[in-house]
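# Working through the structure, step by step
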Amino acid sequence: MARFLRGILSKKANNIFMSKQSLEKLKKTSIMLVAGVFIGIINGFFGGGGGMICVPVLLMMGLTNQKAHATAILIMLPISIASALVYYSHGIVDWNIVIWVALGSLIGGAVGAFILKKISNLTLQYIFAFVVIAAGIRMLF
Amino acid sequence: MDWYWLIISGLFGGLVGGMGMGGGTLLIPILTIFLGFQQHLSQAINLLVFIPTAIISIIIHAKNKLIDYKAFFWLVIPAVVASVGFAFLANNIDNSMLKIIFAVFLICIGIFELIIAIKQSYKKRNNFTDKIGI
């Protein structure tokens, strides 16, 4: 009896109740739940940037680079709509501004996706990192 | 506010977003620094602008079968709940305070991206020296 109980408590015994696969699945699900909360906090509080956490999480889940980027957009859509509704309810939205910026963003997005294949990814990453750090420092003062 | 400045800001944000880096992470500081918008307004604009851009990309990606629906559900549910809560919190924080917290967030993201880039170039160089046998 004691042996049996010890067996249940030991790690190996987990396999009696749960196969290795379902254990792995449970682990993945819990990582996603925690990551989801974190992505939501960032995107709700800062009004963006959730995708930058979402992509690495999806890569960790074993998605390919391309699939991770594509899936991240689908995940960020309902999250952004939910947060946008909260900002909207506080009456800080000016539609005249939103329409013009959205127009620019749509054109920029198409161009960006097109030229992505032609420029070295690493160079872009360095530029992006320095620009973001510079912007952050500028906003502090 | 002149409409062309708004389009140019959107262009830059969209360009970076289209390349798969943080488009919003760049659009918000552009609006705050160069156009002098309040931090809350910039964040609200970014969220709203993302919606049409995302819908178009999703349609294209879905056609190319690049979306993994299995990974969708468990991330979205907790994220939506958390985002609504923290969006309320952000809207109850003073503008200058939110701006400072956002700035720290930006610097952290920048450093994080920089570390990843340095790691990758280190790896690349190692591969190269392996190939030519140094």
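Residues numbered from 1 in each chain as written. Chains lettered and ligands numbered in written order. Predicted model: local features only at pLDDT ≥ 70, side-chain atom pairs only at ≥ 80, totals over all residues. Heavy atoms only, no water.

### What to know about unusual backbone geometry
- Backbone geometry places Lys65(B), a non-glycine residue, at a positive phi of 55°.
- As for its position among the elements, Lys65(B) is in the loop between α3 (39-63) and α4 (73-91). (Helix = DSSP H or I, 4+ residues; strand = E, 2+ residues; numbered from the N terminus.)

### Quick notes on the confidence of the model for chain A
- On average, residues of chain A score 85 in pLDDT, and 84% of them reach the 70 mark or higher.
- Mean pLDDT across the elements of chain A ranges from a minimum in helix α2 (residues 14-17) of chain A, with 57, to a maximum in helix α5 (residues 65-89) of chain A, with 92. (pLDDT = per-residue confidence, 0-100.)

### Some details on the environment of Gly51(A)
Residues and elements named next belong to chain A.
- Note that Gly51 resides in helix α4 (residues 51-60).
- Taking the relative accessible area as the measure of exposure, Gly51 reaches 26% and is therefore partly exposed.
- For the pair formed by Gly51 and Ile73, sequence separation is 22 residues and the distance between their alpha carbons is 7.2 Å.
- Contacts of Gly51, omitting those with residues within four sequence positions, involve Pro56 and Met76. (Buried < 20%, exposed > 50% of the residue type's maximum accessible area, 1.4 Å probe, protein only. Contact = heavy atoms within 4.5 Å.)

### A closer look at the interface of chain A and chain B
- The partner chain B presents 87 residues to the 81 residues of chain A that form the contact.
- For the chain A and chain B pair, buried surface summed over both sides reaches about 7600 Å², with 83% attributable to carbon and sulfur atoms.
- On the chain A side of the contact with chain B, Phe45(A), Phe46(A) and Met139(A) bury the most area, a combined 11% of that side's loss.
- Between chain A and chain B we count zero salt bridges in total.
- Taken together, the connections running from chain A to chain B amount to nine residue pairs in polar contact (both at pLDDT 80 or more).
- Taken together, the elements giving at least two residues each to the side of chain A that touches chain B come down to α3 (20-46), α4, α5, α6 (95-115) and α7 (121-140) of chain A.
- For the side of chain A that touches chain B, the leading source of residues is α5(A), giving 19 residues.
- Considering only residue class, the side of chain A that touches chain B consists of 56 nonpolar, 22 polar and three charged. (Buried area = accessible area lost by both parts, 1.4 Å probe. Salt bridge = Lys/Arg side-chain N within 4 Å of Asp/Glu carboxyl O. Polar contact = N/O pair within 3.5 Å; in protein donor to acceptor, adjacent residues only side chain to side chain. Nonpolar A, V, L, I, M, F, W, Y, C, P; charged D, E, K, R; others polar.)

### Here's the deal with the packing of α3(A) against α4(B)
- Running from N to C, α3(A) and α4(B) cross one another at 30°; their axes reach a closest spacing of 6 Å. The orientation of α3(A) with respect to α4(B), classified from their angle, is roughly parallel. When you trace α3(A) past α4(B), the crossing you get is right-handed. Contacts between α3(A) and α4(B) pair Thr29(A), Met32(A), Leu33(A), Ala35(A), Gly36(A), Val37(A), Ile39(A), Gly40(A), Ile41(A), Gly44(A) and Phe45(A) from the former with Trp74(B), Leu75(B), Pro78(B), Ala79(B), Ala82(B), Ser83(B), Phe86(B), Ala87(B), Leu89(B) and Ala90(B) from the latter.
- Across the contact of α3(A) with α4(B), the residue classes break down as 16 nonpolar, five polar and no charged. (Axes fitted to C-alpha atoms, helices over the stretch in contact; angles between N-to-C directions. Parallel < 35°, antiparallel > 145°, perpendicular 65-115°, else oblique. Left-handed = near helix turned anticlockwise from the far one by under 90°.)

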